[in-house]
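A look at the structure
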Amino acid sequence: MSMTLAEIGSFLGLEYKGNSEIIIHGVNEIQNAQKNEITFIGNNKYKKYLKVTKASAVIVRKELEDQFDNLIISDDPQAAMAKISNLFLTNRGLLKREIHSKAIIDPTAKVNKNCNIGAYSVIGREVEIGDNVIIYPNVTIYDNVEIKDNCIIHAGTVIGSDGFGFTFDKNKFKKIPQLGKVIIEKDVEIGANCCIDRGSIGNTIVGEGTKIDNHVHIAHNVKIGKHCAFAGQSGIAGGAVIGGYCVFGGKVAINGHIHIGNQVKVAAMTGVTKDVKDGMTVSGIPAIPIKKYRKREAMLRKLPDIYYKMKDIIKKGKK
Amino acid sequence: MSMTLAEIGSFLGLEYKGNSEIIIHGVNEIQNAQKNEITFIGNNKYKKYLKVTKASAVIVRKELEDQFDNLIISDDPQAAMAKISNLFLTNRGLLKREIHSKAIIDPTAKVNKNCNIGAYSVIGREVEIGDNVIIYPNVTIYDNVEIKDNCIIHAGTVIGSDGFGFTFDKNKFKKIPQLGKVIIEKDVEIGANCCIDRGSIGNTIVGEGTKIDNHVHIAHNVKIGKHCAFAGQSGIAGGAVIGGYCVFGGKVAINGHIHIGNQVKVAAMTGVTKDVKDGMTVSGIPAIPIKKYRKREAMLRKLPDIYYKMKDIIKKGKK
Amino acid sequence: MSMTLAEIGSFLGLEYKGNSEIIIHGVNEIQNAQKNEITFIGNNKYKKYLKVTKASAVIVRKELEDQFDNLIISDDPQAAMAKISNLFLTNRGLLKREIHSKAIIDPTAKVNKNCNIGAYSVIGREVEIGDNVIIYPNVTIYDNVEIKDNCIIHAGTVIGSDGFGFTFDKNKFKKIPQLGKVIIEKDVEIGANCCIDRGSIGNTIVGEGTKIDNHVHIAHNVKIGKHCAFAGQSGIAGGAVIGGYCVFGGKVAINGHIHIGNQVKVAAMTGVTKDVKDGMTVSGIPAIPIKKYRKREAMLRKLPDIYYKMKDIIKKGKK
């Protein structure tokens, strides 16, 4: 594969600058790009590499147009890069869809058209899988789970395992039967080695378009709205209800049985213990509004100063 | 399946109130329950749904008996619900026990009677598995592991992997052989995608009746007592010793080689760095007694106030 | 297997004291060791067991030589113990190397000599695996991954899954193709149930000799240097660059696109949000230099005292 800068600009429908005939035959990160490769600047942290990169062309925002010779100008360089990288990296990812002969699908499960089910994945009793669903290898779907159209489930993930429900009786834990379902709505992507537990009574639900990173744990009876994003290693305790369009950083913990509104943002490593209203951004353990959190952090930095001034006042007072 | 309220009350041996002939043919969560379904209130957070639920009957504590028409009165509504939900949800969970033909069991391993071993699970050399053990699919049990009667191990979990033990020698890490065993005592349940490492020398032990949620990591030579509960994503570092009847919230970290007593409670997201005595409740990073933790939190909320008062005093002092 | 204390001393090339003819036929932890077993003290926390252990001999540092009758003296008792424990525990671990008949290896993948690939592991398209690599059961390696000589990969781990990359467009997340590779350099060990995502454009790299514990998540385009150690449940966000000889405690989170120098130490449960320079030790959420962190912790303990003294000053001021 080989294209000129002009051809790439024209393919993307974007303005280009510099040597329009320069040949591109690969894509790469800016710090590692070589001659005849194209790269991009999505995050301004990488701007410093413009002076040293060996790339032949760079996709940048308008504000950087005087910083490099051969450019494509885009409002969203990462999205532009995503569009062309498929042209150059044709041997990556899943090349065709198939139900692998070593996937085990219970005879009562229903798998719709154009799905991929990887080797050694196990699909349980009365599971329903929609169209265009991709399930990678070594995934376990317990019985009575619904996965709607266009979902992607990465390797090692477990869906429908028993929720962590016990009563404590006569000095022992006694298991509460976990009898609900898991429903994964359409267009959801779930990372590798995640766990999504079934409801105890009633269902665990992941809303349409929501994206879940690796190692995320979603407990029984959690209801997640549409188009949320959960970064890696987050955990949502049982019965929590989360609105739509929320964004969660990595390693977030959400308490059980709380309600999180729509368009809420939760910083990485936050522990949310109480309800959060629509549109709020929270941080800290326990979570507080981000402005309060930042003020508290600033104050913590001043603590030694407060302390020594205090001692000084006391000393003067004693004189 | 269909029962009257009177029949359900009589099956549970509990008092009922209202229309004794009302027909119930399903169970559900209160916020989603429909006509002819029965639901329950285990957590008072859900009391507000009593006014709007479409359920035909609700299991409640005595104190709520005037809040709804058709009731069953129970001291433990969740336990009562658990008892009847099996009647209505007969097609959930594991319907029979079998050693799946695609489970691989080493010829030197011993599996006792009435066990279930799921598809694509691998049971290693000289593993001993007791009676009535349920192992879900895609579980890996390394060699020389003992799993006693009535244990349940969810999908994707790994037991007996090497502990994280290295010496640093001549600018490189050198592996310390991990030669101990893992012993899981009877009545233990382990969630999905957990890791329980073997001892380096000596064994890793999980005590009788202990319950472990998803994504929990138990390192080499950890000794856990009887009837503990570990919520999701907790991690116990190497050599820690934990007593009986302890309860750990989600995302807890326990330092290596420390000793935690009996009946200790550890709040979610706590980092326990030192020994904890019997009966204590701790919280925070690093963990401190919960009362101290709450006092500190209250003080942190007052920090800006302290700071500005201090500035004020200094200003006045200068006049 | 049975050796005298003198024979063990001679095998290790170390000084021994006490009854040179005492018979040893096993190894164990000091708190559980029995007659005719040898044990060691690696961590001084275990010194207290010298008075009660039933072990027939103990490997200790010189400073403890008057605390027990039959001793082997070593500067590194744990390393000495590691050397002899293989003699006594010959039936532990992987006894031979084989490509298991139920491992699935894509015809385009290349597996070099003397490798072990466990049952139900899946090796994808155009994967390259070096010499002496051990892959345990139920591991998933996606396409286009390179694993160099002498690596060890524990059960349930996933390498090459898609990075968590989306653009938000017209009220939906749109997937950014994840087209890079994962390169695991030689002598790396990766624990159970880890996830290492492929680069989006460019590669995710784990440097030579680095050791990774269970449940660790390494996101797309992360570059990790040589001879680092990551304890359990740590997570490294996308694009972070980490130098050589760094040590990370458990449950650490590293922000995306930051740069961590060489020989950096990060305490357990730390959240690193900004670049960290060579040789620093950091702790806290967000991470600060360890000395500052300890000072802040000391100050936090004094907060109630500060508060009440402040109130006192105000009261006096009003008089």
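Numbering of residues begins from 1 in every chain and follows the order in which that chain's sequence is written. Note on labels: chains are lettered from A, ligands numbered from 1, in written order. Local features in a predicted model are, by the rule used here, given only for residues with pLDDT of at least 70; side-chain atom pairs are given and counted only at 80 or more, and totals for whole chains, interfaces and linings are based on all residues.

Fitting of the copies onto one another was done by least squares over C-alpha atoms, counting residues only where both copies have pLDDT of at least 70. It takes a turn of 120° to lay chain B on chain A, together with a shift of 0.0 Å along the axis; the resulting RMSD is 0.1 Å. The symmetry that links the two subunits is that of a three-fold axis. By the convention adopted here, residues make contact when the C-beta atoms placed from their backbones lie within 7 Å. Comparing contact sets, just 17% of the residues at the interface of chain B also lie at the interface in chain A, consistent with a heterologous contact between different surfaces.

Each partner contributes to the interface: chain A provides 52 residues, whereas chain C provides 44 residues. A run of DSSP states H or I qualifies as a helix once it reaches four residues; a run of E qualifies as a strand once it reaches two. Both are numbered from the N-terminal end. Those elements that provide at least two residues to the side of chain A that touches chain C are α2 (77-88) and α3 (290-318) of chain A. Here the side of chain A that touches chain C takes nine residues from α3 of chain A, the largest share from any one element. Looking at the side of chain A that touches chain C, its residues break down into 23 nonpolar, 21 polar and eight charged. Note on residue classes: Ala, Val, Leu, Ile, Met, Phe, Trp, Tyr, Cys and Pro are nonpolar, Asp, Glu, Lys and Arg are charged, and everything else, Gly too, is polar.

Now for the pairing of strand β17 (residues 158-161) of chain C. Note on strand geometry: in a regular strand, side chains alternate between the two faces of the sheet. Pairing between two strands is assigned when DSSP locates at least 2 bridges connecting them. Bridging between strand β14 (residues 140-141) of chain C and β17 of chain C involves two bridges; their strand directions are parallel. Looking at β17 of chain C, one finds that Ile-141 of chain C is bridged to Ile-159 of chain C.

This next bit is on the domain arrangement of chain A. The parts lose accessible area when they come together, and the size of an interface is often stated as this lost area. If you check the domain split of chain A, you get domain 1 (3-88), domain 2 (104-286) and domain 3 (292-319). Those domain boundaries reflect an automatic or database domain assignment. Look at where the C-alpha atoms of domain 1 of chain A and domain 2 of chain A centre, and you get two points 38 Å apart.

Attention now moves to the confidence of the model for chain A. Confidence of the predictor at the level of single residues is captured by pLDDT, which takes values from 0 to 100. Looking at chain A as a whole, its pLDDT mean stands at 95, while 99% of the residues score no less than 70. Interface predicted TM-score (ipTM) for the complex: 0.94; the corresponding pTM is 0.95.

It is worth spelling out the sheet that holds strand β8 (residues 104-105) of chain C at this point. Residue and element names in this part refer to chain C. Spatially, nine strands are ordered β8-β11-β14-β17-β22-β25-β28-β31-β34 in an open sheet, and the strand pairing comes out parallel. Looking at strand neighbours, the two that pair on one side only are β8 and β34 (271-272), the edges of this open sheet. Bridging between strand β28 (residues 235-236) and strand β31 (residues 253-254) involves two bridges; their strand directions are parallel. The residue of β31 that forms the bridge with Gly-235 is Ala-253.

Contacts between chain B and chain A engage 53 residues on the former and 44 residues on the latter. Contributing elements (two or more residues each) for the side of chain B that touches chain A: α2 (77-88) and α3 (290-318) of chain B. No other element matches α3 of chain B, which puts nine residues into the side of chain B that touches chain A. Along the lines of polarity and charge, the residues of the side of chain B that touches chain A split into 23 nonpolar, 22 polar and eight charged.

A cis geometry characterises the amide bond from Ile-285 of chain B onward to Pro-286 of chain B, with omega recorded as -5°. With respect to the helices and strands, Pro-286 of chain B occurs in the loop between β35 (281-283) and β36 (288-289). The residue Tyr-245 of chain B is not glycine, and still its phi comes out positive at about 60°. Put plainly, a residue is buried at 20 or more neighbouring C-beta atoms within 10 Å of its own, exposed at 12 or fewer, and partly exposed in between, counting only other residues' C-beta atoms, which are placed from the backbone. By C-beta crowding, Tyr-245 of chain B is classed as buried, having 21 other C-beta atoms within 10 Å. Positive phi, close to 65°, is recorded for Asn-114 of chain C, a residue that is not glycine.

A word on the relation of the copies chain A and chain C. When chain A is fitted to chain C, the residual RMSD is 0.1 Å, and the transformation amounts to a turn of 120° plus an axial shift of 0.0 Å. When the interface residues of chain A are mapped onto chain C, a mere 17% of them again fall at the interface, so the copies present different faces.

Residue and element names in this part refer to chain B. By definition here, a helix of n residues has an expected span of 1.5 Å times n minus one. Relative to the 16 Å expected for twelve residues at 1.5 Å per residue, α2 spans 17 Å between its end C-alpha atoms, a close match to the ideal helical length. Every buried residue of α2 is listed here: Pro-77, Ala-80, Met-81, Ala-82, Ile-84 and Ser-85. Residues of α2 that are buried in the fold lie against α1 (5-12), β4 (26-27), β5 (37-40), β6 (57-60) and β7 (71-73).

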